[in-house]
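What the coordinates show
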Amino acid sequence: MHSLIIFASGRGSNAEKIIEYFKAGNRAKVSLIVSNKQDAGVLGIAKRENIPFHIIDKDTIKSVEFIDLLNTYNPSLIVLAGFLWKIPDALVAQFNNKIINIHPSLLPKYGGKGMYGQHVHEAVINASEKESGITIHYVNNEYDKGNIILQAHCNVSSTDDANKLADKVHQLEHYYFPLAIDYILKS
Ligand code: GRF
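What comes next is a walk through the structure.

1. Things to note about the pattern of salt bridges
- Tallying each qualifying case throughout the model produces 9 salt bridges.
- Note that Glu129 is salt-bridged to Lys109, the shortest N-O span being 3.0 Å. Taken as a pair, Glu129 in the loop between α5 (117-126) and β6 (131-138) and Lys109 in the loop between β5 (99-103) and α5 lie far apart in primary sequence, 20 residues in all.
- The partner of Lys164 in a salt bridge is Asp160, with the nearest N and O atoms 4.0 Å apart.
- Through salt bridges with shared partners, one network takes in Glu16, Lys23, Arg48 and Glu49.

Written out as structure tokens, the structure is:
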């Protein structure tokens, strides 16, 4: 069975969908959840699902001990599901082509430093874009620049505000993220 490690900073709705999706079969399981926030919603999900979790700070994420800890779970993939910190180069090198991220826009548009969460959706609305969507991509040493695995689109209507667009984008994320992970594990 494949082992997945999820990194998340927030509510964890994507983590929840991934956990649910893989519970149904025996292809993979989420073996560890990592968060940089003590009060992140995703930790409640980890506790409920009896999944080990680990809280990190800016020093931990750069440490050899942390890499060692991740390696004890022998991950096929490290999945960034709303994780707000940049992944240090040493971690990218150690897990080359094994770290994937989901971004709530159609990269390369609305990506890069400072472009996360509501900032992305507000920028899309302010630019009067007619469509937005999601990008699932490999993580390299630059913010939101790794090879793209999948993009899915949604329309942006003139009555949408950032919250409404965030809901549409979340729906795409919840549907496609588990499928993309499954696809990678199978190929
Ligand atoms: C998602 O929109 C994801 O694209 C972004 O952060 C959000 C996380 O949402 N990187 P959740 O915590 O999974 O609900």
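2. So, the site of the ligand
- Neighbouring the ligand are the residues Gly10, Arg11, Gly12, Ser13, Asn14, Gly82, Ile102, His103, Pro104, His170 and Glu173.
- For the ligand, an oxygen atom lies 2.9 Å from a polar atom in the backbone of Asn14.
- Contributing elements (two or more residues each) for the shell around the ligand: α1 (13-23), β5 and α6 (162-186).
- Residues that form the shell around the ligand fall into these classes: 2 nonpolar, 7 polar and 2 charged.

3. Focus: the layout of surface pockets
- If you add up the space inside the largest pocket, you get close to 810 Å³.
- Those elements that place two or more of their residues in the lining of the largest pocket are α1, β5, α5 and α6.
- Top element by residues in the lining of the largest pocket is α6. It accounts for 4 residues.
- Looking at side-chain class alone, the lining of the largest pocket contains 14 nonpolar, 16 polar and 7 charged residues.

4. Quick notes on the nonpolar core
- Ranked by size, the top nonpolar core spans 38 residues in total, and within it Leu4, Ile6, Ile18, Phe177 and Ile181 carry the most contacts.
- Counting residues per element, this core draws most heavily on α6, at 8 residues.
- Setting aside residues no more than four positions away along its own chain, Leu4 makes contact with Ile18, Phe22, Ala28, Lys29, Val30, Ser31, Leu32, Leu77, Ile181 and Leu185.

5. With respect to the environment of Asp161
- Mapping Asp161 onto the fold places it in the loop between β7 (148-155) and α6.
- Classification of Asp161 as partly exposed rests on a relative accessible area of 42%.

Cut-offs used in this document
- Residues numbered from 1 in each chain as written.
- Predicted model: local features only at pLDDT ≥ 70, side-chain atom pairs only at ≥ 80, totals over all residues.
- Heavy atoms only, no water.
- Salt bridge = Lys/Arg side-chain N within 4 Å of Asp/Glu carboxyl O.
- Helix = DSSP H or I, 4+ residues; strand = E, 2+ residues; numbered from the N terminus.
- Near = heavy atom within 4 Å.
- Polar contact = N/O pair within 3.5 Å; in protein donor to acceptor, adjacent residues only side chain to side chain.
- Nonpolar A, V, L, I, M, F, W, Y, C, P; charged D, E, K, R; others polar.
- 1 Å grid on protein atoms, 1.4 Å probe; cavity = no way out; pocket = protein on both sides within 12 Å on 5 of 7 lines; lining within 4 Å.
- Points joined across faces, edges and corners; volume = space filled by probe spheres on them.
- Core = buried A, V, L, I, M, F, W, Y, C linked by side-chain atoms within 4.5 Å.
- Buried < 20%, exposed > 50% of the residue type's maximum accessible area, 1.4 Å probe, protein only.
- Contact = heavy atoms within 4.5 Å.

Functional significance is not addressed by these values, which are geometric in nature.
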